[in-house]
Amino acid sequence: MEKKKNEIQNQFEMNQARLQALFDAITDLVFMADSDFNPQLVNKQLDFAGKKCYEAFCGLSEPCSICLVDEVKLTHKPAKTERKINNKIYQATFYPILNEGGAVNDVIEIVRDVTKEKEIEQQLIQSDRLISLGGLVSGIAHEINNPNTFIRGNLSIIKESLEDILPVLDQHWSENPDFKVARLPYRYFREKILLLVSDMQKGADKIMNIVSDLRKFARKDEGLLDEDLDLNRVVESSLRLVHNQIKRSIEVQLKLDQKLPLIKGNVQKIEQVLVNIILNAAQAIKEQKGKKTGQIIIRTFLDQKNQIHLRIKDNGPGMTEDVKNRVFDPFFTTKRSRQGTGLGLSITYGFVEEHGGKISVVSHPGKGSEFKIMLPMRVPKMT
Ligand SMILES: Nc1ncnc2c1ncn2[C@@H]1O[C@H](COP(=O)(O)OP(=O)(O)OP(=O)(O)O)[C@@H](O)[C@H]1O
Ligand SMILES: [Mg+2]
């Protein structure tokens, strides 16, 4: 009898140990709480004795705002929610445990850190959005480019014609002081007409530049990725390109890893990536109230997976969460009144992706911004 009792006791302890081992093997936080928020079982080494689950796990004095225990008690169905704590995103799933009478006494909650998954999801949404926009944008660029080409061509013919015609009109005016053109007194017309034409030419040139940016964004501007590219040298050549625009307001610090391997890619495109980011940083610093000068730190290094990293960090005003989430969107700009088109960073994003790389940004208001670029040593074959 005693032997039988010991066997049952051993069996029970073994099962309990197995259950605990199974429970502990789960890397997510799993815990069971009763409907009064008292933890019953937890798979992590947490001291929850005498504490409610919201006190033990979240350090709160009342149930978390996203707690679904009450909902699960009511519906008897599992429910899921997400919460951001200290820049990490957690997903919590609540499962009801029904007692024999069919009521919910306990609830199991599984909490997973889904920060990485969310980042990847965000990147996929971003590239999907950019791919579909790419098609649309290249169509629009084509439609704008055709009429703009003949507008530019015709304007230079008009300008040349005016230069020939105006002396004849001057002569006519000297003999007919009331002479009018387009209902305007000739003196006024004479003063303004060449200015109007040259303004139109400037406008048409601006449209041409925007079309060229749109094409770059839509990747119609085929540039082969077949050059042996030394990233450090490209950093230096990009700095030479922007030198005049930033020399008075920005101190640039270089921390370049001199042992970087070469990348197969397109020098001009990576130069453009750097120029866009550096100019944005310089513009942001200049716009900051009470601060006329700033610092940009450019760093390159190789990681253990042989991926090449480029970091561009500024001590400008930083960005709000809303701006940060939209910086790579085509046409998103906070500089509309200062002629920004909002294409700089979307082109940058496209070029980095074309090289098989990744780009992201870390930024907080008042704490500057850092653009992080990763480039693989080899690029995927062009299709
Ligand atoms: N280093 C930075 N600091 C603060 N804000 C930035 C920084 N870089 C980019 N931004 C924000 O991102 C927006 C989009 O940048 P993007 O380069 O795509 O367009 P833009 O600079 O406004 O115009 P464009 O480059 O076409 O002339 C900017 O308007 C600005 O609000
Ligand atoms: Mg820009």
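Scroll up to find the structure.
In this report, the structure presented in the accompanying data block is examined. Bear in mind the structure is a predicted one, so any value in this text is a computation, not a measurement.

Attention now moves to the site of ligand 1. Surveying the vicinity of ligand 1 reveals 19 residues, the closest of which are Asn 280, Thr 333, Thr 334, Lys 335 and Thr 341. One nitrogen or oxygen atom from the side chain of Asp 314 is found 2.8 Å from a nitrogen atom belonging to ligand 1. Here an oxygen atom of ligand 1 sits 3.0 Å away from a polar atom, N or O, in the main chain of Leu 343. Protein contact buries 89% of the 600 Å² of open area that ligand 1 shows by itself. Only α7 (267–287), α9 (344–354) and β14 (369–375) provide two or more residues apiece to the shell around ligand 1. Broken down by element, the shell around ligand 1 gets its largest block of residues, three residues, from α7. For the shell around ligand 1, the residue count by class is eight nonpolar, nine polar and two charged.

Our next topic: the packing of α7 against α9. Across the interface, α7 lies against α9 with an axial gap of 9 Å and an inter-helix angle of 145 degrees. Seen along the crossing, α7 lies across α9 with a hand that is left-handed. Residues Lys 269, Gln 272, Val 273, Asn 276, Ile 277 and Asn 280 of α7 form the contact with α9, whose own contacting residues are Gly 344, Leu 345, Ile 347, Thr 348, Phe 351, Val 352 and Glu 354. Tallied by class, the residues present in the contact of α7 with α9 amount to six nonpolar, five polar and two charged.

This part takes up the sheet that holds β14. Picture the strands of a sheet paired through backbone hydrogen bonds; they go either parallel or antiparallel. Taking strand neighbours across the sheet as the criterion, the five strands line up as β9-β11-β12-β14-β13 in an open arrangement whose pairing is mixed. Looking along the sheet, the strands with just one partner apiece sit at the ends: β9 (250–256) and β13 (358–363). Pairs of neighbouring strands in the sheet enclose a mean axial angle of 15 degrees, with direction left out of account. Note that β9 and strand β11 (residues 294–302) share seven bridges and pair parallel. When the sheet's bridge partners are listed, Gln 253 is paired in β11 with Ile 297. The strands that α7 touches are β9, β11, β12 (308–314), β13 and β14; relative to β11, the one it contacts most, it runs at about 150 degrees.

Definitions and cut-offs
- Residues numbered from 1 in each chain as written.
- Chains lettered and ligands numbered in written order.
- Predicted model: local features only at pLDDT ≥ 70, side-chain atom pairs only at ≥ 80, totals over all residues.
- Heavy atoms only, no water.
- Near = heavy atom within 4 Å.
- Polar contact = N/O pair within 3.5 Å; in protein donor to acceptor, adjacent residues only side chain to side chain.
- Areas by Shrake-Rupley, 256 points an atom, 1.4 Å probe, with all protein chains shown as cover.
- Helix = DSSP H or I, 4+ residues; strand = E, 2+ residues; numbered from the N terminus.
- Nonpolar A, V, L, I, M, F, W, Y, C, P; charged D, E, K, R; others polar.
- Axes fitted to C-alpha atoms, helices over the stretch in contact; angles between N-to-C directions.
- Left-handed = near helix turned anticlockwise from the far one by under 90°.
- Contact = heavy atoms within 4.5 Å.
- Pairing = 2+ DSSP bridges.

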